[in-house]
Every structure is written in C-alpha cells, then in structure tokens.
Amino acid sequence: MSEPGTPARKGKGKYELDERLQSYKGVWVFVEHERGAVHPVSWELIGEGRKLADQLGVPLSGVVLGAPGLPTRRFCEEAFFHGADHCYLIEDAVLANYRNEPFTRGLTSLVETFKPEILLLGATTQGRDLAGSVATTLKTGLTADCTGLAIDPENRGLAASRPTFGGSLLCTILTLNYRPQMATVRPRVMAMPDRDASRRGTITEHPLGMIETDIVTKVLEYIPDNRQDTPQLPFADIIVAGGRGLKKPENFQLVWDLAMVLGAEVGASRPVVQAGWVEADRQVGQSGKTVRPKLYIAAGISGAVQHRVGMEGADVIVAINNDAGAPIFDFATYGIVGNAMTLLPALTEAFRQHIAMARVAS
Amino acid sequence: MHIVVCIKQVPDSAQIRVHPVTNTIMRQGVPAIVNPYDLFALEEALRLKDRHGGRVTVLTMGPPQAEDALRKCLTFGADEAILVTDRAFAGADTLATSYALAAAIRNIDRDAAVDLVFTGKQTIDGDTAQVGPGIAKRLDLQLLTYVSRVEQVDIAQRRLRVQRRAEGGVQVLETRLPCLITMLEGTNEMRFASMDNMFRAARCAVRIWDREAAGISDVSKIGLKGSPTVVSKVFAPQARARRAELIEAEGDAPRDLALTLINKLFTRNPKLRDAIVAQPS
Ligand SMILES: Cc1cc2nc3c(=O)[nH]c(=O)nc-3n(C[C@H](O)[C@H](O)[C@H](O)COP(=O)(O)OP(=O)(O)OC[C@H]3O[C@@H](n4cnc5c(N)ncnc54)[C@H](O)[C@@H]3O)c2cc1C
Ligand SMILES: Nc1ncnc2c1ncn2[C@@H]1O[C@H](COP(=O)(O)O)[C@@H](O)[C@H]1O
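Everything numeric here is computed off the predicted structure, so don't read it as measured data.

All right, on to the nonpolar core then. Taken as a class, soluble globular proteins show a tendency for nonpolar side chains to be buried jointly. By size, the foremost hydrophobic cluster in this structure holds 42 residues, and its most contacted members are L262, L295, L344 and F351 of chain A. When residues of this core are assigned to their parent elements, the largest contribution, eight residues, is made by helix α8 (residues 340-361) of chain A. Apart from the residues lying within four places of it in its own chain, the contact partners of L344 of chain A are L246, L254, V255, L258, A299 and I320 of chain A. In terms of nonpolar packing, the next biggest core, distinct from the first, is built from 38 residues, L46, F118, L144 and V150 of chain B among them.

Residue and element names in this part refer to chain B. C6, D38, T123, T128 and A129 are the nearest of the 19 residues found near ligand 2. Here T60 contributes a side-chain N or O atom positioned 3.4 Å from a nitrogen atom of ligand 2. The backbone of V131 places a nitrogen or oxygen atom 3.0 Å from an oxygen atom of ligand 2. Alone, ligand 2 offers 480 Å² of accessible surface; in the complex the protein occludes 97% of this. When residues of the shell around ligand 2 are traced back to their parent elements, those giving at least two are β6 (55-61), α3 (94-111) and β8 (116-120). Top element by residues in the shell around ligand 2 is β6. It accounts for three residues.

With seven of its nine residues buried, helix α4 (residues 131-139) of chain B lies for the most part within the structure. Among the residues of α4 of chain B, those classed as buried are G132, P133, G134, I135, A136, R138 and L139 of chain B. Where α4 of chain B is buried, its residues contact α4 (125-138) of chain A together with β1 (2-6), α3, β8, β9 (142-154) and β12 (179-183) of chain B. Of the residues one or two after α4 of chain B, D140 of chain B is the one with positive phi, at around 55°.

The next thing to look at is the interface of chain B and chain A. The interface of chain B with chain A comprises 81 residues on the first partner and 94 residues on the second. Taken together, chain B and chain A are joined by three salt bridges. Among the salt bridges present, the one from R164 of chain B reaches D129 of chain A, with a minimum N-O distance of 3.6 Å. One can count 39 residue pairs in polar contact (both at pLDDT 80 or more) joining chain B with chain A. Per-element accounting of the side of chain B that touches chain A gives the leading share, 11 residues, to helix α6 (residues 254-268) of chain B. Across the side of chain B that touches chain A, the residue classes break down as 38 nonpolar, 22 polar and 21 charged. Summarising the sheet, strand β18 (residues 334-337) of chain A and strand β15 (residues 245-246) of chain B pair through two bridges and their orientation is parallel. Its bridge partner lying in β15 of chain B, Y334 of chain A is registered against E245 of chain B.

Residues and elements named next belong to chain A. Taking strand neighbours across the sheet as the criterion, the seven strands line up as β7-β11-β6-β1-β4-β5-β12 in an open arrangement whose pairing is parallel. Every interior strand has two partners, whereas the edge strands, β7 (142-146) and β12 (202-205), have only one. Sheet twist, expressed as the mean angle between neighbouring strand axes with direction ignored, is 25°. Sitting on the sheet, helix α1 (residues 40-56) touches β1 (27-30), β4 (60-66), β6 (118-122) and β11 (181-185), and the angle it makes with β1 is about 175°. Sitting on the sheet, helix α2 (residues 72-82) touches β4, β5 (86-91) and β12, and the angle it makes with β5 is about 165°.

This part takes up the packing of α8 of chain A against helix α7 (residues 270-278) of chain B. One way to put it is that α8 of chain A packs onto α7 of chain B with a least axis distance of 9 Å and a crossing angle of 85°. When the interaxial angle is binned, α8 of chain A and α7 of chain B end up roughly perpendicular. Contacts between α8 of chain A and α7 of chain B involve H354, I355, A358 and R359 of chain A on the former and, on the latter, R273, I276 and V277 of chain B. Taken together, the residues of the contact of α8 of chain A with α7 of chain B break down into four nonpolar, one polar and two charged.

Attention now moves to the packing of helix α2 (residues 67-76) of chain B against helix α5 (residues 195-203) of chain B. Residue and element names in this part refer to chain B. Put simply, α2 and α5 touch, their axes get as near as 7 Å, and they point 145° apart. Crossing of α2 over α5 shows right-handed handedness. Contact residues: R71, L74, T75 and F76 in α2; N197, M198, R200, A201 and A202 in α5.

Taken together, 30 residues lie around ligand 1, and R244, S269, S287, S302 and Q306 of chain A are the ones closest in. Chain contributions to the surroundings of ligand 1 come from chains A and B. Backbone polar atom of G288 of chain A to an oxygen atom of ligand 1: 3.3 Å apart, as the coordinates give it. Note that a nitrogen atom of ligand 1 is positioned 3.0 Å from one of the side-chain N or O atoms of N339 of chain A. When ligand 1 sits alone it has 990 Å² of accessible area, and the protein chains cover 84% of it. Every element with two or more residues in the shell around ligand 1 is listed here: α6 (270-274), α7 (305-311) and α8 of chain A. Considering only residue class, the shell around ligand 1 consists of eight nonpolar, 18 polar and four charged.

The rules behind these values
Residues numbered from 1 in each chain as written. Chains lettered and ligands numbered in written order. Predicted model: local features only at pLDDT ≥ 70, side-chain atom pairs only at ≥ 80, totals over all residues. Heavy atoms only, no water. Core = buried A, V, L, I, M, F, W, Y, C linked by side-chain atoms within 4.5 Å. Buried < 20%, exposed > 50% of the residue type's maximum accessible area, 1.4 Å probe, protein only. Helix = DSSP H or I, 4+ residues; strand = E, 2+ residues; numbered from the N terminus. Contact = heavy atoms within 4.5 Å. Near = heavy atom within 4 Å. Polar contact = N/O pair within 3.5 Å; in protein donor to acceptor, adjacent residues only side chain to side chain. Areas by Shrake-Rupley, 256 points an atom, 1.4 Å probe, with all protein chains shown as cover. Salt bridge = Lys/Arg side-chain N within 4 Å of Asp/Glu carboxyl O. Nonpolar A, V, L, I, M, F, W, Y, C, P; charged D, E, K, R; others polar. Pairing = 2+ DSSP bridges. Axes fitted to C-alpha atoms, helices over the stretch in contact; angles between N-to-C directions. Parallel < 35°, antiparallel > 145°, perpendicular 65-115°, else oblique. Left-handed = near helix turned anticlockwise from the far one by under 90°.

Listed below in structure tokens is the structure:
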C-alpha cells in the first residue's frame, strides 16, 4: 500500500475504467482447505462477498483447487450453502497439498479466463502466500488484512479498510485502473453467515495444465500441530481475558479460575504476553488473534485500539476496570467499575453457584 | 553462497502516538529501527554463511536515512549493504516495491550470482507480507513463506529443505536454489554485534543506487505511478454509539455486583446461559 498518511489525489473523485477492464465482472472467494477441511475464514468471506456481489448486482463464486480424492465437490456445495451462486473447480493430482507454484498457476489461469472484478482470500499462511504471488503475476493491487470491505458508490470499486500506523488509525484503499481488486481478511474479522442447506449452485471445471515434473518444490512431510496444546482462541465461544491491570503474574490465576468455571479460553492483552505471564498464542488484538466469542470478559484491560480491533466482534463484552474513564467502557456491553482482584473471585463464585443450581434443577 | 537479505527501516511503532484531537500522527522523535521481523531473516542468513561460507548482502529501498538501518545490519556481520533510493520511488505500494527490489537483486546477481533471498515475514508499518512473494514471482524464484527452520542446504546439489508454518501444521518442503524465503519470527535469536563488525560497519561504504543504477528504466512501474492501490482516506476508528451499561449494586460489594451482572447477562442472553450450564464440568 502507499505510504500511509499521504492520501493520493488520484484516489478521489470519479474515474473511468479502461475498456479492457470493464469486462471484469463478479466477486470471487478463494476456498482454502488443508487436510480435508475448509478453513472457516472462507465461509466468513463468502458471507462478506455475498453483500458485495448483491450491491454490485453480480454473481458470487467460490474457487476450489484440489486433487481428485479430496471432497472438492462437497466444498463447492458448502460454498453454495453459505451463499455462493457458483464455483470454479480445478481438480488435479498436483494440487494434493498446498504449494505455491501450482496453486498460483491455477488461480491465475482462472482469473485470466473468467475475469472477476473482486477476489478475496483469507489472511492465513496459505492465503497470504497465494494472494501475494497471484497479485504480482497479474500485476494488480492487493490490500492485506482488511477489517472492512465496501463498494465505493462513485466508481463501483472495492473500498478496503485496514489498520495503519500500528493500528491507531484506519485507512481506506482503492485499486484504481487494475483488475481484479484483491484483498485478504483475517479469520474471525467477518461474521460467519448462516448456512442454508437448500441453496444450490453451478460448477465450472477448469484444467490446470501442469504435471508433477513441472513443479520444483516438493512436500516431503506434513506434521500436524498438537491441537490439545495450542489454544483455539479465534473459535472459542467464551473468553476471559486479563490485562496489565492485574498487576502481578500471580493475579492472572484469577482469570484462569473464572475461565475454568465457564469452560472458557483465556486471552490477554499484549503487555501481559510480553511480560511472559501467558503464551503468545493467547494475545488478542491487532498483532495477536482476532476473536468473535459470544462472551468476552476483559479484566484490567484499558481497551486500546490495538486490543479492541481483535475483540469488538464479540456478541457481549463485559469490562472490569477500576477507572470509569477507561476506553473499554466506550464499547463494552456491560461495565463494572471496580477492582478486578476482588471482582474476579466474586464472579467465579457466583457463576459456579448459578451453574450448580441450574444443573440440580434440570 | 551468496545471500541477499531485504530489510526495511521502519518507525518504532510502539512509540507512535496519535494526537487525541486532530487524529494526526505525531512522528516527531519516533526513532527509526530495522523492521524487527527482518532481523530473523538476517540472523538465519548469517548462520547459513557461518556454516557454508560465502557472503551476505543487505538491501533496502528507502529514503537516504535508511542507510542507518543498513549499517546496523553490518554491525551484526553482513558483508555488504546496498541502499536503493530515489525520489521516483516515493508512494510505492507492494507491487511497485517488489518491482524495484527485484530489479536491484537482478543487478546484484550480475555481479555475483545470488543463491538465496531472504525477507522478513512482514513489516510493522506496511504489515502486508506481500513484498517477499512479489519479489519471488518477479525473479521467478521458488517461494518459501513462513519458514520456521532451514533444515538443510546442499550447495553442490543446489537443494534446500525447510520447515514451513502452514495452517494447522508444519510442511517440510524441499526445493531448488535459487529461492526466496520469508522467515517466521521467533525462530532464532540475533547475535550481538562484535567489536570487529562495529568498526567495519563504521568504515564500510554503503553502496547507494538511484533508479538508473538499480537498473530501472521504466518509471511507470515504480513509485506512485507503478502502484495499483492508493490510500483514499485515513480516519480514526469509529466510537460506538452505545457506552457500556454500568452494573451497580447497593454498597458495591463484589458479590452483589457479580450477581447483578449474571442476572442481567443471563436474562437477556438465555442461549448463552444454556450453553454455559450445558458444558461438561
Ligand atoms: C503496533 C502495535 C500493535 C499492538 N498490538 C496489540 C495487540 O495485538 N493486543 C493488545 O492487547 N495490545 C496491542 N498493542 C498495545 C496496545 O496499544 C496497548 O498498549 C495494550 O493493549 C494495553 O494493554 P492493557 O490494557 O492490558 O494495559 P494498560 O493500558 O496499562 O491498561 C490497564 C488497565 O487496567 C486498569 N486497572 C488497573 N488496576 C486495576 C484493578 N485493580 N482492577 C481493574 N482494573 C485495573 C487500568 O485502569 C487500565 O485501564 C499494540 C501496540 C502497537 C503499537
Ligand atoms: N522498502 C523495502 N526495502 C527492502 N525490503 C523490504 C522493503 N519493504 C518490504 N521489504 C521486505 O519485505 C518483507 C515484507 O514486507 P511487507 O510486505 O511490507 O510486510 C519485509 O519483512 C522486508 O524483508
């Protein structure tokens, strides 16, 4: 993106799209999968892509690349259930594992043949690897880690917003006389759309035109992470998070105690992670994880923008902070002004009793 | 082995402040540092040099003062430094940046063939992770992103094996040299600058290339002109209309506050209550 802070003149006002670019139509979402499962970010993007496509009055397509033997048709069906009208499918044995070279070739070839105006990918290790390569191959614009996507009413172009300057400000980025307009979005930034299993769509198959000996890089092995050991913060329904307001590492145990009673994951603000009170995997925010729980309890967290962008998608936010002027009260659902060191144990106890009673009653 | 490491000078974002009233960035006095992610790339390159011999060239595109960042890299043990700087590069987005850096690397390669290019995972100011893949595509190099470990380099066979962070696991990849690696953070620890290197860095001449010296003739590919994306506006995050509903209780006893909160929370979100009660204890 351009040097932040210097909005370019050419970004303003109406402009005429080159004739050869006017044939680019439709919104596409790259459907990412690994080990036989689609990454949820793809469905989140289908949900967001649906809105953009409706606004433009164009179809929404999923793009599925994979090897025969993988459930690629089921992935297409799932894309329809989540809102896509159509899918492009490339099936080829060399697409068995994600690799940059064949995936770049496949996606680039689809774009050149079918010309979408907008192409969205998840900002995951796979999506970013692929997006950067495809955008450079196509010589078009790519905006990373967007937090908001909209259609610029004047030019029918994609207006992609993302944090800038370490997250204290946002900027909107346009891709002018280039197509497709590409963007990546982090998991959990967009809401998961409703799944409707009665929705149907059509599939267009496309050849890859590559054989294994064309491809230089080989996957020798894939070592899956031990899921038990890695916190699954982005997909947790309930998160209890603590910040610097807890003062001492020992006090962080109060967060764990409440989380235990609620069956919640534990999150943290950056200073707490940097001080080594909890693992880096638990950091919520711009340089940590984006989360979307049903309930987020923040204790001793001020609510700085960089933290806020990672958690404001929560359905309900409860803030505990002894400073009534803390910014977190500007966007939390419920606030308790008070000392986290006494309130956390009180909450743990009250929740414990409530749950015990409810279980006895049922 | 000849390794090029692309580094960028960035403002230390931990020290950037936004003016509370005007919403403008207060840059004064914010120190410039080497992009922290790039140090993992540099250290990995230096380790390969320690093991296999050869040399490490650090490369940056930026304003004249970016020379300081290059000197910093020399103190850690890089052999040579090149600054690509020209007014024509101003306003470059990632596509234009990768064009200029790729041109410079081609130039370096003509002098002494390049076996490996390293970049950081991403910058802390641009934060896109796009420049590395962009350079690889432009130079037709094999691309290895998010590398957590360089397992093996076989210079005679021109082969390389790495571990790459993928979604939900680690890929072990084997490829051919030359290739481009974007290095994951936290994978190694930067060495201390040695006295020798500090002296050498102070004396060593940083090579300064303008557009022409970098081998770029087509000005339509660089700077603002060569950038498909433009920033149309910069704005502050919206304040939510609604402030938090403050929970109050007689005497503010923690227990009463907790009960009041739970009561409100569960009455208004019965599904949440059911989910919490239903989870296995
Ligand atoms: C580039 C960049 C990226 C960043 N990324 C992230 C990120 O991903 N995640 C993140 O969290 N931060 C991030 N930050 C840091 C962010 O700007 C804030 O500094 C950080 O979120 C503050 O953490 P905190 O709220 O825990 O600490 P503080 O801001 O120190 O707030 C502590 C709060 O606790 C309250 N408190 C004190 N005592 C008590 C008590 N006894 N009971 C209750 N409350 C109490 C205080 O009133 C205060 O509001 C980033 C910054 C930069 C520059
Ligand atoms: N101006 C630049 N000069 C040299 N290297 C750069 C420059 N910009 C980006 N890079 C490299 O590309 C990586 C990714 O940057 P970015 O795409 O901005 O997140 C960085 O970690 C650097 O290694």
